[in-house]
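Spelled out, the chains give:
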Amino acid sequence: MNRTLDDDPAIDLKPLLEIIDEYKNQRGAVIPVLQRTQETYGYLPKPALKEISKRLRIPLSRLQGVATFYAQFHLKRRGRHLIRVCDGTACHVKGATKLVNVIEENLELKAGGSSPDYKYSLEIVYCVGSCGLAPVVIVDDRVVGQAEPDKLVRQLKRIED
Amino acid sequence: MGKVANLESLQQVYFEAIPLLANRRAQGGPAEKPLNGKCDVLICGGTGCVASSSRDVREALLVEIERRGLKEDIRVITTGCHGFCAKGPLVVVYPQEVLYCQVKASDAPRIVSETLIGKQILEDLVYQHPQSKERFPVYHEIPFYRHQLRLSLRNCGLINPEDIREYIARQGYFALGKALTQMSPREVIEVVKDSGLRGRGGAGFVTGIKWEITQRSPIRPKYLVCNADEGDPGAFMDRSILEGDPHSVLEGMIIAGYAIGAEAGYIYCRAEYPLAIQRIKIALAQAYEYGFLGENILGSGFSFDIYLREGAGAFVCGEETALLASIEGRRGEPRPRPPFPSVSGLWSKPTNVNNVKTYGLVPQIILNGAEWFRGFGTPNSPGTATFALTGKINNIGLIEVPMGITLREIIYDLGGGIPKGKAFKAVQTGGPLGGCLPAEALDTPVDFDSLVQAGATMGSGGMIVVDEDTCMVEFAKYFLTFASAESCGKCVPCRIGGRRLLEVLNRISNGEGKPEDLDEIEYISRNMKEASLCALGQLTPGPVVASLRFFRPEYEAHIYERKCPAKVCKGLITYRVIEENCTGCMVCKRNCPAGAISGEKRQVHYIDPNICERCGICIEVCKFDAIMIE
Amino acid sequence: MMEKATITIDGRKIQARYGQTILQAAREHGIYIPVLCDHPALPPEGACRICLVEIERQRTLQPACTFPVSEGLVIYTHSPKVIEARKFSLELLLSDHPLDCMTCEATGNCLLQDLAYEYGVTGDRYQGEKHQYPIDASNPFIVVDRNKCILCRRCVRACAYINGVEAISVFYRGFNAYIGFGADSTMQDSPCEFCGSCVEVCPTGALWPKMAIGKGRPYQLQKVQTVCAYCGVGCQIELQVRNNRIVNVVGVENAPVNQGFTCVKGRFGNDFVHHPDRLTRPRVRKYLLEGGKREGKERGEWVEVDWDTALDLVSRKLVEIRDTYGSDSIGVLTSAKCTNEENYLMNKLARQLIGTNNIDHCARL
């Protein structure tokens, strides 16, 4: 709390204005707007929140409250590749924790954070509904089933930008 | 396609659509006349099978069919989930009704040449029973399917969910036509009430009564919400229906909208279900195109709209008032009920909230009558229950069974029992807010009331089986960790109580448990249940309470003997090399991430318990069974 | 809705009105139900679970602050189950609370403390994780100590429903939830207007007026009820005075005009009272007192006089100007600081006595 967010880069607001325009007459469309904003910028930059607040006349604190409530939203810049390790029941039983440990160690990041070069971000998610393939890791939008730690790390390191 | 203007033109569309399904056969349905020389190849396009590369299989089949010039005779159709996810990707060949499991893209040429052309069955792709080794080539004869009764899932895996005509060919939207043209809203509600349908979201409230309360409110507008925020880890019933048969849910919603006099409906679906969302979007577009949504539906004068909202990752939004707050663009925090949403819901207007499966069953009830539905299941819980079967069980997947079936039948007849000959220990129903039942309860019939009586809950349909290797303290701790992390933080008992309860459990599993901790667990649980604002807080202690009730000695062993009987809790176990078995091959030493293993080549190794992180890698890699847990 | 419902509270049959909550009905009949997150000026929240009561045929305990009355409800406000649940919630709150009542500003004026006392809860039941938040003292008026916050959300509701600013919201969720401002900035950098309504409703020491810190315990303060002098609205305020100095200002609860709330000026803008430059007696120019005329541009020195002298001088000069130059040579400018009654009298003075319509008002402060 009370973080100074000086790491917020200047962002191009043009795509954001289009999103706001699309939803400005829809009642209660706060979450869709934030979702589209995150799709565009990869996270929810503070200047974007301020712009949404101003144009949709939604108090900033309410936006911040919503953005921090839902696990989907990110207020910090994220890596170019998103690694999501499922820790749902089936995956947990089949060694999801081990996968997380190995990824953290090898890619120099912590769950919920990004690697120093912003190449990877790691998240732990609950059940992606592919329990038959446990343990499951989703790399960007690709599902890796029955993931094995060593093989997975090799795959991850091979990802090109 | 123009709009379907009335019931007669719906009939017309139906007759035109029938040939699409002529080759296929639903479970227990009449054998329809196959079209001469034509085949349908169904590829599962559910999330599970897509994850195991069913799209590659489809591409390979298409290439092979094209190469052999069979495009006219063989249709390749992507369906929704068949439920048998552990064996995916699944391919079903009609009219023979042969199911192939774990199909790879490289199998495509064989399937085309041997089965589609040669009418021969590829034995190696056929399902084989893990114990009896018997092979079952025919889809509906596989034990996993044979014991099922598929009402909610009747179209899942049978039709192409992206083609509304295939749904219509299954008499889709006929119930809507019947309701709009031959029934008054009151009559619709009476039928749903008579059917005894209870909400499939978990609590089991009688659907017809809920509709009636909303219908009676003089306040307008009214809204309708479909709760598709299926957040239980290990549960995917709603997702499968939305992926495999989205129109049944839309049709149920439109009928409900007509019955209660709502002007619009919202589907609130988890964002973690991209495929389901895509299929809903396609289905919505088609329903508007055909005129089942929008203005003056089927010429009845009734108008209705459905909007899709994606959740943003909050388990508590499965709670109806939290879900409504989320649709309104606020934090997904529940509020005290009463007033219930049927009185004051979305934007403070009367709102009917039902689960995906509840809406999905409505069209069949309207079409076949209340009597028909009451013919299944038990008097107090008519119909079927849909479960996502997971954990230590052979047949992981999605099942639908008549209410009243016993847990034993589900686990052993459908589920194929416990893998690797291990012993069954417990089954958790009701997801992370439910409870576990021990072996003694296996003959409990599965229905809303019996499960509660036994100490668990129906929940929305997760069923997790665990074997003897599972520590019930750690199992309960896992669910508690999940549920307390999902607390919205609004009310005190859930926000802080969940954390304190978890701290007690952590203490016990770390070997620091105190004799008074069991009383403490009961005290916190009892009061969380009484004092929390919503079901999440009230039911968060559920798994702990149930496991303490049925597996108390296991808790006591952790506290008094400082032992984890299942040898799971890291604070209470030590890894040790069995000297007689160790060959000094050094595999464990090389693989140990903590560097806790010492020993020279061909010398007995030693694990330093102070460095060992109890990750279990050494046991997995040892080929000589030379490492044990104490 | 005026329809009556007969309900039974603790064995006593009472007539409640439909549309009332159990808490409202109980209060009307003098039945005590403790509350924490509920505040009479704010919509109910149902978050703290202190007002839970046992209602026959309800599956769990229910919050009296939100549960609507209906015919035939049978309610117990202090059954063993209810008392245990209240203690439970208090124990939990105290398990994540500093327990530094000895030095806490709110001691003696803290609802949490009162309830802990009432239920004999000491705060040592759990030794679990406790939050350690930095204190936000970035602005001149309000000190924010989240360690003392119990997340009752009174401040959130006051900011939204009383002041309409919505500068305050709950951020994050579950055990990690906390009260935040703007886009999680300091209070200073948020859209907060420092009306202090949040301070007014805060039941603990989490939000505290900076000026009052270290100035005395409630029993050491003399309480003076008065009307705010800032504008004509007439908000009732209570000055808390020690050694003849104002150390704090709070709104008077249930005051007809302001219901206990004030604006930033009324609550925090009182440093002028003790300012050395403040005029406390009238002054006039020396030449006026001597009956002479102003010479050149200099207006001469000020002389302190009594009110009669000063007012005599003013009325004499006004009459003189009116008689010499006519009524419309005089204009009257009154102030938003005056009450309606005072402004009415000024209007009478201008129009009837002086005979001019040249009267205006500063419109706002």
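These numbers come from a predicted model, not from an experiment.

A. Seen up close, the overall build of chain B. The number of helices and strands found in chain B is 26 helices and 19 strands. Its C-alpha atoms give chain B a radius of gyration of 26 Å, within 12% of the compact-globule value 25 Å for 630 residues. The C-alpha extent of chain B, read off along each of the three principal axes, is 85 × 65 × 40 Å. Restricting the contact set of chain B to residue pairs at least 6 apart, pairs at least 24 apart contribute 69%. When the accessible area of chain B is evaluated, it comes to approximately 22,200 Å², of which 50% is carbon and sulfur surface. For chain B, the distance from the average position of its 70 positive side-chain charges to the average position of its 73 negative side-chain charges is 2 Å.

B. Just the nonpolar core, in detail. Counting 121 residues, the largest nonpolar core has B:Y173, B:I254, B:F292 and B:I366 as its most contacted members. In contact with B:F292, not counting residues within four places along its chain, are B:V4, B:L10, B:I164, B:I168, B:Y173, B:L176, B:I254, B:A287, B:I297 and B:L298. Residues A:I20, A:A29, B:L323 and B:L536 belong to the second largest nonpolar core, which totals 51 residues.

C. Quick look at the interface of chain A and chain B. Listed by partner, the interface residues are 31 residues for chain A and 45 residues for chain B. Together, the buried faces of chain A and chain B total about 3,000 Å²; carbon and sulfur atoms form 59% of this surface. Measuring nitrogen to oxygen at the nearest pair gives 2.9 Å for the salt bridge that ties B:E620 to A:K98. Linking chain A with chain B are 13 residue pairs in polar contact (both at pLDDT 80 or more), by the criterion used here. A breakdown of the residues in the side of chain A that touches chain B according to their chemical character gives 16 nonpolar, 12 polar and 3 charged.

D. Examining the packing of aromatic side chains more closely. Enumeration over the complete set of coordinates arrives at 31 aromatic pairs over all chains. Taking the centre distance of 6.1 Å and the plane angle of 20° together, the rings of B:Y290 and B:F292 count as stacked. A relative accessible area of 7% means that B:Y290 is categorised as buried. In this structure an aromatic cluster arises from ring pairing among B:F84, B:Y127, B:F136, B:Y139, B:F144 and B:Y145. If you follow B:R239 out to its NZ or CZ, it ends over the ring of B:Y273, 5.8 Å from the centre. We note C:K337 situated over the ring of C:Y230; from NZ or CZ to the ring centre the distance is 4.7 Å.

E. Up close: the domain arrangement of chain C. Residues and elements named next belong to chain C. Looking at the assigned domains, one finds that chain C contains domain 1 (1-126), domain 2 (133-214) and domain 3 (326-365). Relative placement of domain 1 and domain 2: their C-alpha centres are 24 Å apart. Counting residues at the interface gives 21 residues for domain 1 and 19 residues for domain 2. Across the domain 1/domain 2 interface, buried area totals approximately 1,700 Å², and carbon plus sulfur atoms make up 64% of it. Across the contact surface, domain 1 and domain 2 share 3 salt bridges. Residue R157 is joined to E45 by a salt bridge in which the shortest nitrogen-to-oxygen separation is 3.5 Å. At the junction of domain 1 with domain 2, the criterion picks out 6 residue pairs in polar contact (both at pLDDT 80 or more). For the side of domain 1 that touches domain 2, the residue count by class is 13 nonpolar, 3 polar and 5 charged.

F. Local environment of the interface of chain C and chain B. Listed by partner, the interface residues are 40 residues for chain C and 34 residues for chain B. Carbon and sulfur atoms make up 50% of the surface buried where chain C meets chain B, a total of about 3,000 Å² over both sides. Three residues stand out in chain C for area buried against chain B, namely C:F88, C:R173 and C:F175, and they jointly supply 21% of the buried area on that side. Viewed at the interface, chain B and chain C are joined by 6 salt bridges. The closest approach of N and O atoms between C:R153 and B:E333, which form a salt bridge, is 2.7 Å. Here chain C and chain B share 21 residue pairs in polar contact (both at pLDDT 80 or more) between them. Elements with a contribution of two residues or more to the side of chain C that touches chain B: β4 (62-63), α2 (80-95) and β7 (168-171) of chain C.

G. Representation of a nonpolar patch on the surface in the model. A cluster of nonpolar side chains, contributed by B:F205, B:I209, B:I213 and B:V343, occupies part of the molecular surface with about 330 Å² of accessible area. Mapping B:V343 onto the fold places it in the loop between α13 (320-327) and β10 (351-355).

H. A look at the domain arrangement of chain B. Looking at the assigned domains, one finds that chain B contains domain 1 (28-146), domain 2 (184-374), domain 3 (384-560) and domain 4 (574-629). Domain 2 of chain B and domain 4 of chain B are separated by 56 Å when their C-alpha centres are compared.

I. View of the sheet that holds strand β5 (residues 74-76) of chain C. Residue and element names in this part refer to chain C. With respect to topology, 5 strands assemble into an open sheet ordered β2-β1-β5-β3-β4, the strand pairing being mixed. Of all strands in the sheet, those bounded by a partner on one side alone are β2 (12-17) and β4. Bridge count for strand β1 (residues 4-9) against β5 is 2 bridges, and the pairing is parallel. In the strand pairing of β5, I9 is matched with I75. Sheet strands touched by α2: β3 (52-55) and β5. Its angle to β3, the strand with the most contacts, is close to 155°.

J. Main features of the pairing of strand β8 (residues 264-269) of chain B. Residues and elements named next belong to chain B. In terms of residue burial, β8 counts as a mostly covered element, since 6 of its 6 residues are buried. Where burial is concerned, the two faces of β8 agree: the one with A264, Y266 and Y268 and the one with G265, I267 and C269 are both buried. As paired strands, strand β7 (residues 223-228) and β8 are joined by 6 bridges and run parallel to one another. For L224, the partnering residue across the bridge sits in β8 and is G265.

K. Structural detail: the sheet that holds strand β2 (residues 120-125) of chain A. Residues and elements named next belong to chain A. An order of β2-β1-β3-β4 is seen for the 4 strands of this open sheet, with the pairing classed as mixed. If you trace the sheet from one side to the other, it starts and ends with β2 and β4 (142-144), each paired once. The sheet shows a mean angle of 20° between the axes of neighbouring strands, taken without regard to direction. Relative to β4, strand β3 (residues 137-139) runs antiparallel, the two being bridged by 3 bridges. The partner of V137 across the bridge, within β4, is V144. Where helix α6 (residues 96-107) meets the sheet, its contacts fall on β1 (81-86), β2 and β3, and the angle it forms with β1 comes to roughly 155°.

Cut-off values and rules
Residues numbered from 1 in each chain as written. Chains lettered and ligands numbered in written order. Predicted model: local features only at pLDDT ≥ 70, side-chain atom pairs only at ≥ 80, totals over all residues. Heavy atoms only, no water. Helix = DSSP H or I, 4+ residues; strand = E, 2+ residues; numbered from the N terminus. Rg over C-alpha atoms; globule rule 2.2 N^0.38 Å. Contact = heavy atoms within 4.5 Å. Areas by Shrake-Rupley, 256 points an atom, 1.4 Å probe, with all protein chains shown as cover. Lys, Arg positive; Asp, Glu negative; His and termini not counted. Charge placed at Lys NZ, Arg CZ, Asp CG, Glu CD. Core = buried A, V, L, I, M, F, W, Y, C linked by side-chain atoms within 4.5 Å. Buried < 20%, exposed > 50% of the residue type's maximum accessible area, 1.4 Å probe, protein only. Buried area = accessible area lost by both parts, 1.4 Å probe. Salt bridge = Lys/Arg side-chain N within 4 Å of Asp/Glu carboxyl O. Polar contact = N/O pair within 3.5 Å; in protein donor to acceptor, adjacent residues only side chain to side chain. Nonpolar A, V, L, I, M, F, W, Y, C, P; charged D, E, K, R; others polar. Phe/Tyr/Trp six-rings, centres within 6.5 Å; stacked < 30°, edge-to-face > 60°. Lys NZ or Arg CZ within 6 Å of the ring centre and 35° of its normal. Domains from an automatic or database assignment. Patch = residues over 30% accessible without salt bridge, like charges linked within 9 Å, V, L, I, M, F, W, Y side chains within 5 Å. Pairing = 2+ DSSP bridges. Axes fitted to C-alpha atoms, helices over the stretch in contact; angles between N-to-C directions.

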